[in-house]
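For reference, the chains in residue letters:
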Amino acid sequence: MAGQLSRRNDLGLGQGAFLRYSTGLCLFFLVAPLVVLVVYSFNGSSQVTVWEGFSLKWFAATISDRELWIAIRNSMIVAGLSALISTALGTLTALSLGRYVFRGRRILAGLLYVPVVLPEIILGIALLVLFVLLDIQRGFLTVVCGHVTFSFPFVGLMILARVQTLDRTQEEASLDLGASPWRTFRRVILPPLTPALLSAMLFAFTISLDDFVVTFFTTGPGVTTLPLKVYSLVKFGLTPAINVISTLMIAFTLVVLLAVNWMQEDGTRQRLGMRLGGGLAAALVLLLVMSVLGERRQSRLVVATWPNYFDQGVLDEFEARTGIHVILSYFNDNEEMLAKTSFGKPGIDLVTPAGFMIEIMGKQGLLSPLDPDRLPNLRYLDERFRRLPFDPTGRYYVPYTYGFTGLFYDSTKVTEPVDSWRLLWDERYRGRLLMFDDMLENFDLAHRLLGFRLVDRDTAHLDAAFALLQQQRPLLRKHESNLVNEMLLGGEVVAAQNWNGNAMRLNRKHPQFKFLIPKEGTLLFVDTLCLLQTAPNPAAAYAFVNYLLEPANAQRNMQGILYAMPNPEARRRMPPELRDDTTLFPPITDMSQLSVMADLGPFLQEVRKRWIRLKTE
Amino acid sequence: MTDPSRRQGRFLGELPLLAGPPVLWLTVFFLVPVAMVMAFSFVESYRHGVSDFQFTLEHYRQALDPVYPRVLWRSIVYSAVSTAFTLLLAFPAACYIAFSPPRRQKWLLFLVFLPLWVNLLVRLYSFIVILSAGGLLNRVLQALSLTREPVQLLNTPFAVLLGFVYGNLPYMIPPIYTALERMNPALLEASMDLGAGRGTTFRRIVLPQSAAGVAAGVTLCFIPTLGSFLIPDILGGPESLMIGNLITSQFQQGRNWPFGSALSSLLVLLVMLGICLYLRGFDPTAPREGAKE
Amino acid sequence: MLEIQGVSKQYGSAVVVRQVRLQVGQGEFFCILGPSGCGKTTLLRLIAGFERPTEGRILLDGVDITHTPPYRRDVNTVFQNYALFPHCTVFGNVAYGLQVRRRPAGEIRERVDQALETVGLAGLADRMPAQLSGGQQQRVALARALINRPRILLLDEPLSALDKKIGEQMRYELADLQAKTGITFIYVTHNQVEAMSMAGRVAVMNRGSVEQCAPPAELYRSPATRFTADFVGSMNFFDGRIAEAGPDSFGILLADQTLVHRRGEAGARPGDPVVFGLRPEQLKVSLLEPRDFENGLFGRIERQVFVGDATLLRIRLSNGSPVEVRVPNYLVLENRVMALEPDEEVWVVWSQGSGVVLHD
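A quick note: this is a predicted structure, and the numbers were derived from the prediction, not measured.

(A) Looking closely at the interface of chain B and chain A. Contacts between the two partners involve 127 residues from chain B and, on the opposite side, 128 residues from chain A. Counting the surface lost from both chain B and chain A, the interface buries some 11900 Å², and carbon and sulfur atoms represent 72% of this. If you sort the residues of chain B by the area they bury against chain A, Trp117, Tyr125 and Arg255 of chain B come out on top, with a joint share of 7%. For the pair chain B and chain A, the number of links is two salt bridges. Here Asp233 of chain B and Lys235 of chain A are joined by a salt bridge, their closest N and O atoms 3.3 Å apart. Applying the counting rule to chain B against chain A returns 12 residue pairs in polar contact (both at pLDDT 80 or more). Residue contributions to the side of chain B that touches chain A peak at 15 residues, all from helix α1 (residues 20–40) of chain B. Here the residues of the side of chain B that touches chain A sort into 82 nonpolar, 24 polar and 21 charged.

Structure (structure tokens):
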């Protein structure tokens, strides 16, 4: 690889000051972000962007995060399997293309390039469609299939390059000496190909490890890979844990690269390194297999919910008591939850949709009726919440939490008195205002400001509300539901919509962030626990719901997530300052307030059209 | 001696049974699904329990509603602009590396590839750290008294373009580097021998010689960017929505799979068009260089 | 022992080997000689089993092996580029054939040592092929191919990549080896000197067909076709017509009406068009007119080329056609020949018994 040019460069070409500085700039640009990540992983602050002094506390926290290790393990398994399969397929491809002339050879060769050049997202959705139509539960196997599909053409092309340089007569010599074709393959063709095979396999392993897009579309909630874990950390709550993960990844990479470099120096090192690497790989495989087998025996429960909606201590205790491992999968909004649960086999047991969704999901047959006999702890619930209008019989749901949307702002930056949602339309705070990334929250608020009600399903009102939102759009930083606290705390925005529990969590530590219900009123919500028709593990779901309803657990859970639960006994056990907090427990005089949002029916399509337009324009 | 092309022996199994598994795999996991997506785009609706598989062009009609072509156009513009900037940054670096002594080359290339070993999401996340209101860049700007209030950098088209350039650089430098590195050094000597100065030599010899590498690099950057959804999703604001985000939201939230399929088909069409243009400009049989190494 | 019966090989519309019939006997050193692209390598590959004939059959010891894969044929090959396995040591290469036949390790070691001894490479067993010289690699390839004691050893231009001197030395070694082992060798080459010096019989191939198959001396003395005559050694050709054909007198009227005589030739009738061939070394240059028992043509010396052991004279005959004459230089060394000058007019003479008559 040593350059021809470089060997004869007495002319001093290409080494001028301009090139040197621009290359320096370019490499600085490439490497600086990585350095920043590494430095910030030693940050003591719980905020991502603010430096608060050297500390290893996030290392400790991250390394003891079990979900992270599961994600790493999953990534390793997927990458290992797909590297093996794609190397096998790639070798076959390379051998058949490299040494045979057959009909369709050109077509195969051309076909190989298509997955390489097509944007990954196309492969992702195509595989999603395939697996859903074939009604295949998405998980390890589907992800591996996806990864192999994009990596084996690369591998094939890489090996092909080597195959084409092979000396054909050696193969003939072997056959001539009496070796069968298979023996010839093993003893004469394979050895010179081995370095190419190994590097192709390593390459396949790497791109599989790195892949997000295809994994995103082909995985189920039970199988989270490292990139997906990072994605969910970035999307659903920035924590410094990401810095630590990055640092670990960079360190791992550097160690591997340096080891490979060291090995290449001479032959004995290479053999030693190969043996060492082989041993390590074997140990790793053994570990992974044991880990998977261990988990297979463990019962799993997949809960699709919002971020920060279950207290980790409560989950840990549930696992300690029952041995059931709870996997949380996060959704952005009710729309996404409906989409994820309505196609194929989502592999989810429990969901926590807002009440009005029950009507829609019930109609579509997505929910399984609950058996009250298996939920003795239902008796602790406030009866008023048991039969809300969206499901008058209460067959499909158990009420989980209730709360409301309010206005959340930074009182150090918004100094004038605030009492209206109009703050989110204030020209002075252009670019520093935030709305939820949630269609109904947006349109409900706009209707409210205009004195209308969304449930009236009036197209004229809808258009007026749409106009109001359009007018607001240039002032907005973003539509965002999950990082409201982080963006306020980081100073990105000064005012936002927020839910009471979320707001309380920040407000208790940083009282300068004020939360209120503006004078125009607001939307109350009730979130529920529902069992999906396709749930893989309903027994665990019953056990979990029952466990959550136990007053002691409910109380602990409420204190952790700061959302109210309709569990009077649990509320009684809360410390007084929380028990009587009206932000946590909004006084509800009329139960119908809890279900103002209803299934809008075909009108929803109209709303959705405008919402997409609003976000797209 | 016998012409090697004639020497296609057939002893490793009579016929290319070898090609069977790869072909089967590509068919099942690539051709069929993509064909399904294409077919889906003509289907009336697909919902849980209430699918209507009637043929319709409605989704294409809807996709040509002015809103969506605008997003498509934006995707093209973002891709083009970010590719251009990437090229501008990558070219001098590739030159410098190609002309460096071997030992330095090794290290420089190592630095170029280093980001590829770190997950894209992680790298994007580092931009959040750097660009946010209280982040590094704003600190530096404030320390230099260039601004008093933090500048909004995150959630802007600037951030999206920056993300693209950053993500694409490691794919742009290697092909150009390879093309230059393969160049016969005697060409430079000949050019200078014939009286051309450094500038002329660069313009008349180095630039044309690197054309194939540049074309490969541009393709490697432009096409993935066209379908990208992660970067605008994480670094972008409300006005940086790209076609990839639209498709994703149709499949992940909108539940309108046929419409998402129509958008995907348009994207495929666009990419194919781009590739055809590329193939017309360059020899299709030329070896691919440095592709995703 | 080996019988090739009407074998042809076609690639698409190109016929590479055309209706070849050959028989090679036990213990023979058989040579296939021909220019590049004449199909000789393909013929060898057909025998080895790397290719299958389009038509015809190949029999080994009376058994049809036309469709037997190479690894079931008792035939081994020494490849032109040696095709040593670069990832195996010399020992590994030579032992390969025994290993794939699962011979016991002790026997393998013994036989490999013996084979290396035979080719003069004792002590190099642990080297890698890349560490050997060309000649040594050649010997490894030879040892590797011989270790199975094949019925036939095929050699595909094995000496073409070697230096001239080493190549010449290897010729003798190969011939000795063949004599010692008694294995049938089929040797493909484009180099007539190699063929002549080693082979018991030589098959001359041209454009896919065997033109003639005979011992080297016979090939040289009485080539059957103009191609053979030209390819084996060199020859001056004259077009002509048979003027008289009797038991004692046989005359050919050349194009310029010169009548040349030759001793009897069977099966020729007056009036037949023939080609008359004379080797340059058969000709003499003389200032005197030809004598009774000689034929002669008159011409002028155009050019002299000194080639060491001889001098080649290019003479333009009075009828305009050129003739090449080879004058041995021992005469010059002994000062027994007068110096010839360019443009000197001379007679080209040869005895009436010389020359070949080719019917084509």
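Alright, that's what it looks like, and here's the rest.
(B) The confidence of the model for chain B, seen in detail. All names here are of chain B. Here chain B averages 81 in pLDDT, while 88% of its residues score no lower than 70. Ignoring residues within four places in sequence, the model shows residues 1–14, a span with pLDDT below 50, making 32 contacts including any to other chains. Low pLDDT (under 50) marks residues 283–293, which in the prediction has 19 contacts with non-local residues, meaning those over four places away or in another chain. For this predicted complex, the interface score ipTM comes out at 0.87, while the overall pTM is 0.81.

(C) Quick look at the sheet that holds strand β1 (residues 2–11) of chain C. Residue and element names in this part refer to chain C. What the four strands build is an open sheet, ordered β2-β1-β4-β5; its pairing is antiparallel. The open sheet has two free edges, formed respectively by β2 (14–24) and β5 (63–64), since each of these has just one partner strand. Where β1 meets β2, seven bridges bridge the pair, whose relative direction is antiparallel. Looking across to β2, one finds that Ile4 is bridged to Leu22. Relative to the sheet, helix α1 (residues 40–48) contacts β1, β2 and β4 (55–60), its axis offset from that of β1 by approximately 120°.

(D) Structural detail: the domain arrangement of chain A. All names here are of chain A. Here chain A is described as being made up of domain 1 (75–231), domain 2 (238–295), domain 3 (300–401 + 526–594) and domain 4 (405–524). Computed from C-alpha coordinates alone, the two centres of domain 1 and domain 2 are separated by 22 Å. Listed as interface residues are five residues of domain 1 and, on the opposing side, seven residues of domain 2. With both chains or domains summed, domain 1 and domain 2 bury close to 590 Å², and 96% of this area falls on carbon and sulfur atoms. Interface area lost by domain 1 to domain 2 is led by Met76, Ile77 and Val230, which between them contribute 58%. Inspection of the region where domain 1 meets domain 2 yields zero salt bridges.

Rules and cut-offs
Residues numbered from 1 in each chain as written. Chains lettered and ligands numbered in written order. Predicted model: local features only at pLDDT ≥ 70, side-chain atom pairs only at ≥ 80, totals over all residues. Heavy atoms only, no water. Contact = heavy atoms within 4.5 Å. Buried area = accessible area lost by both parts, 1.4 Å probe. Salt bridge = Lys/Arg side-chain N within 4 Å of Asp/Glu carboxyl O. Polar contact = N/O pair within 3.5 Å; in protein donor to acceptor, adjacent residues only side chain to side chain. Helix = DSSP H or I, 4+ residues; strand = E, 2+ residues; numbered from the N terminus. Nonpolar A, V, L, I, M, F, W, Y, C, P; charged D, E, K, R; others polar. pLDDT = per-residue confidence, 0-100. Pairing = 2+ DSSP bridges. Axes fitted to C-alpha atoms, helices over the stretch in contact; angles between N-to-C directions. Domains from an automatic or database assignment.

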